[in-house]
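Working through the structure, step by step
Listed below, chain by chain, are the residues.
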Amino acid sequence: MLIKKRSVLLVSAVLMSSAAVAENTNQEPQQLTASRFNMPALEVVGTQEDSIERQIGAVVIIDREQIERLQPTSTDDVLRRVPGINAVTEDPSSVVMNIGIRGLSANEQKSLILEDGVPVAPGLFVGNTRYYNPRIQRMEGVEILKGSSSLRYGPSTIGGVVNYKTKTPDDGVAISTRVGSFSTREATVEAGGRTESGDAFAGLVATRAISDGFMGQGYQMNDIMLKAGVKFNDRHSLGVKYSYYENEANISYRGLLLEDYRRGKTYNPAPDDYYLTDRKAFDVNHEWHINDRATLTTLMYWSEVTRDYWRYGVNTAASNAAGRWVYTDGITGNNRTFERYGVETRLALDHNLFGISNEAEFGLRFMKEEADDKRVQATRVSDRAGDTDRYQIDKAESIAGYVQNRFLITERLAVTPGLRVESYEQKRDVKINSNSDLLGTAKTTNTEVLPGIGATYQLIPEAQIYGGVYRAFSPASNGAALDGTSDQKLDGERSVNYELGVRGASGRVSYELTGFYMNFRNQVVTGNSDPNLLQSNAGKTRHYGLEAALGYELGGGFSVDANATWVPYSKFRTGEDRGNRLPYAPKYLANIALNYDQGKFSSTLAAHHRGEQYGDAANTKDIPTDAAGGLWGGLIPSYTVYDLFVQYSFTEDFKVRGAVKNLTDKRYISGLRQGIYRGAERSFEVGLDYRF
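Model, not experiment: these values are computed from the prediction.

**Some details on the overall build of the protein**
Helices and strands together make up the secondary structure of the protein, namely 6 helices and 35 strands. As presented, the protein carries roughly 27800 Å² of accessible surface, and 53% of it is formed by carbon and sulfur atoms.

Here it is as structure tokens:
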């Protein structure tokens, strides 16, 4: 994998700081160094030369060139090659994807996913975060941030933060096409324009993709993004983004039964189940350079996600007899709509407290979410319509504030303490349908106080030491915290995280080595002995391990990039699963890539290894052979997959590319749910890029 390593108290604080800097607005405004104006956004890592060196935690930045080299069809193709990340997909095209970071279970979201600094998970407090996975075709970069640097964001930053950076269309029109195995056809158009001065731009990125899919799990996807921005003067700039996504995917929770998997079967185990999603989102960013020492950034955002999941009922006895799923005539639609809007503002302020250089940041965020959950028993299968027999409305309001200050003690040493406060209220109303009387209601509130401190020390020019400790949390969603109409007394997941690492570069070598330790006071897990609850308080867990990354220029156009993650301990410390390893938390993850670049030609041979992992908290070893209901367990074997990528640029504006994925046609299990999710077999792709 090519990964470049480069070196409600807070409200008053923000207001006081704003007033202080307002007195200095007669100073010369900060001059923008870039000749081309780019859309303002809340930055996670930043684009300055020393952005990584300023972070007090491990950082990975993947740029556009690296993404294009991997020729990804989904975010999974990128994230699974990052140290510390275990990506578990529920379908070959990663319409639904879970990630676990540093030994955290990949089937529960404990990491924050952003797009241009905006939360993209459908419900951080009110629902499942897996129901929308951003499409890689619109991305020009990915930032992964771990450790106490994550304190600035929230909630759900226990594992870290993943921020996707969308493309900003440049002048002209560019077309990218791809065809491949499983009748896959994809086309992306980028079109944009700028004013002569470069102070305003507008453009779009649009993708259309159709595929029959591996195992007949086909999809039809449209993704459109419009962006525009204007720099009014040296003080003020404004950016807007609108995006629309829709996907009709022929996928299901159901996988292959064990004997059919052993026989190498590749049929769709649920050929008439459909997962229908669409998302609309609108972001507005404003940046105000108050003076040469203060900048105020404000973000407003809105999104709506609709997820309709139509599934046929199962005849369990007939399925056991047949050795594969046998379906009934009844179809149920579990249909959900999520709406979110929020506003976040950040003030960056340089000052000279205690006679030394300081870099402070104050932040405040308000967010409101609502989810409508309808269960429809279909009477007209052809148009997926019927009677609603359950209707739940989940709501959540949250307010968060944080402050951090980077003390530049010496030219080598910087110390950054911080504090985040997150307060939220969750509410659930239950009806039979939208016209019925209220059957019940429930409400719960929580406030989390999250301190942290980190530091960086430039040991020598080729080595920087960094580390920190911080408290993180992830809220139990409404569906678990307010199961039915009663408060299930599920605590927020709370963890104290420690990290110590070293990074740097010397000559042809770049490297990073990080040790981490996470101590949970409480972890909420899926699957337990009580069939009436989907989730439960699992109590204390502990996780520790090492991440390592190395890049080396061999010469003659050859280079090697490698990374490995070792998590020897990721276990429950209390409860009925005490001593067991967390599910979907492999001990070993590793990636290595051999790259060759010579003139117009480039190629990469990459290997990805995932160690064995358990499918449930009980650490069941044998995968069920029958059509048992509920969540499946079993020990998922380790595997290694090889991919080959090549590119040739005929001119600066015309390039062809090809890929062979799963080069050795390895048969492996990617996950378990209600059956076995099989990893995609060997596939071929060819594409071209042309810019007018």
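**Thoughts on unusual backbone geometry**
Residue Pro155 is bonded to the preceding Gly154 through a cis peptide linkage, with omega at 0°. By the element assignment, Pro155 lies in the loop between β6 (139-145) and β7 (161-166). The phi dihedral of Asn619 falls on the positive side, at around 55°, and the residue is not glycine. Here Asn619 is to be found in the loop between β29 (613-614) and β30 (635-636). Since its relative accessible area comes to 13%, Asn619 is described here as buried.

**Describing the sheet that holds strand β5 (residues 118-119)**
With mixed pairing, 5 strands are arranged side by side in an open sheet as β1-β6-β7-β4-β5. Looking at which strands have only one partner, the edges of the open sheet turn out to be β1 (59-62) and β5.

**Points about the nonpolar core**
With 73 residues, the main nonpolar core has Ile62, Leu79, Ile99, Val142, Ile144 and Val162 as its most contacted residues. Leu256, Trp325, Tyr584 and Trp632 belong to the second largest nonpolar core, which has 17 residues in total.

**Focus: the side chain of Arg178**
On the secondary structure map, Arg178 appears in strand β8 (residues 172-180). Owing to a relative accessible area of 6%, Arg178 belongs among the buried residues under this scheme. Polar side-chain contacts of Arg178 include one of 3.0 Å to the backbone oxygen of Gln71. Engagement of the side chain of Arg178 in a polar contact is seen with the backbone oxygen of Pro72, the distance being 3.0 Å. Ignoring anything within four residues of it in the chain, the contact list for Arg178 reads Gln71, Pro72, Thr73, Gln137, Thr184, Arg185, Glu186, Arg657, Lys661, Glu685, Val686 and Gly687.

**Overview of the packing of aromatic side chains**
This structure, assessed with the given rule, holds 18 aromatic pairs. A ring pair is formed by Tyr132 and Tyr245, whose centres lie 5.3 Å apart and whose planes are at 70°; its orientation type is edge-to-face. One end of the pair, Tyr132, is in the loop between β5 and β6; the other, Tyr245, is in strand β12 (residues 236-249), with 113 residues separating them in the sequence. A relative accessible area of 6% means that Tyr132 is categorised as buried.

**Some thoughts on a positive patch on the surface**
A cluster of basic side chains, namely Arg521, Lys540, Arg573 and Arg578, defines a positive patch on the protein surface. Residue placement: Lys540 occurs in the loop between β24 (535-537) and β25 (541-555). Accessibility expressed as a relative area gives 47% for Lys540, which makes it partly exposed.

**Section: the environment of Asn446**
Relative to the helices and strands, Asn446 resides in strand β19 (residues 440-460). Separated by 24 residues in sequence, Asn446 and Glu422 have C-alpha atoms that sit 8.3 Å apart. Leave out the neighbours within four places in its chain, and Asn446 touches Glu422, Ser423, Tyr424, Gln426 and Arg494.

**Describing the pairing of strand β14 (residues 294-314)**
Judged from the 17 bridges that link them, strand β13 (residues 274-291) and β14 form a sheet pairing that is antiparallel. Counterpart to Trp288 in the pairing with β14 is Leu296. Counted between consecutive antiparallel strands, the loop separating β13 from β14 contains 2 residues. Here β14 runs beside strand β15 (residues 327-351); their pairing, made up of 20 bridges, is antiparallel. Bridge pairing in β15 links Asp308 to Asn335.

**A closer look at the pattern of salt bridges**
One pass over the full model with this rule turns up 43 salt bridges. With a closest N to O distance of 2.7 Å, Arg102 and Glu499 form a salt bridge. Of this pair, Arg102 sits in the loop between β3 (97-101) and β4 (112-115) while Glu499 sits in strand β21 (residues 493-506); the two residues are 397 residues apart in sequence, bridging distant segments of the chain. The same class applies to Arg102 as to Glu499, namely buried. For Glu115, the salt bridge identified is with Lys241, shortest N-O distance 2.8 Å. With a gap of 126 residues between them, Glu115 in strand β4 and Lys241 in strand β12 connect regions that are remote in the sequence. Salt bridges sharing common partners tie together Asp76, Asp77, Arg80, Arg81, Arg178, Glu186, Asp643, Lys661 and Glu685.

**Section: a nonpolar patch on the surface**
On the surface, Val173, Ile175, Val189, Leu688, Tyr690 and Phe692 cluster together to form a nonpolar patch covering roughly 470 Å² of accessible area. With a relative accessible area of 30%, Ile175 lands in the partly exposed category.

**Overview of the side chain of Asn291**
You can see Asn291 is positioned in strand β13. There is a polar contact of 2.7 Å between the side chain of Asn291 and the backbone nitrogen of Arg293. Within the structure, the side chain of Asn291 is placed 3.0 Å from the backbone nitrogen of Ala294, a separation counted as a polar contact.

**Points about the confidence of the model for the protein**
Mean pLDDT over the protein: 86, with 88% of residues reaching 70 or higher. Least confident of the elements in the protein is helix α1 (residues 10-22), whose mean pLDDT is 33; most confident is strand β28 (residues 601-610), at 97. Ignoring residues within four places in sequence, the model shows residues 480-488, a span with pLDDT below 50, making 33 contacts including any to other chains. Long-range and interchain partners of residues 527-536, a stretch whose pLDDT sits below 50, account for 23 contacts in this model, where long-range means more than four residues apart.

**Concerning the environment of Ile453**
The residue Ile453 is located in strand β19 in this model. Relative accessible area serves as the criterion here: at 40%, Ile453 is assigned to the partly exposed category. Ile453 sits 49 residues away from Gln404 along the chain, and the two C-alpha atoms are 8.9 Å apart.

**Brief notes about the environment of Arg178**
Distance from Arg178 to Gly687, taken between C-alpha atoms, is 4.1 Å for residues 509 residues apart in sequence. Within polar-contact distance, the side chain of Arg178 engages the side chain of Glu685 at 3.3 Å.

Each value, and the rule that gives it
- Residues numbered from 1 in each chain as written.
- Predicted model: local features only at pLDDT ≥ 70, side-chain atom pairs only at ≥ 80, totals over all residues.
- Heavy atoms only, no water.
- Helix = DSSP H or I, 4+ residues; strand = E, 2+ residues; numbered from the N terminus.
- Areas by Shrake-Rupley, 256 points an atom, 1.4 Å probe, with all protein chains shown as cover.
- Buried < 20%, exposed > 50% of the residue type's maximum accessible area, 1.4 Å probe, protein only.
- Pairing = 2+ DSSP bridges.
- Core = buried A, V, L, I, M, F, W, Y, C linked by side-chain atoms within 4.5 Å.
- Polar contact = N/O pair within 3.5 Å; in protein donor to acceptor, adjacent residues only side chain to side chain.
- Contact = heavy atoms within 4.5 Å.
- Phe/Tyr/Trp six-rings, centres within 6.5 Å; stacked < 30°, edge-to-face > 60°.
- Patch = residues over 30% accessible without salt bridge, like charges linked within 9 Å, V, L, I, M, F, W, Y side chains within 5 Å.
- Salt bridge = Lys/Arg side-chain N within 4 Å of Asp/Glu carboxyl O.
- Lys, Arg positive; Asp, Glu negative; His and termini not counted.
- Charge placed at Lys NZ, Arg CZ, Asp CG, Glu CD.
- pLDDT = per-residue confidence, 0-100.

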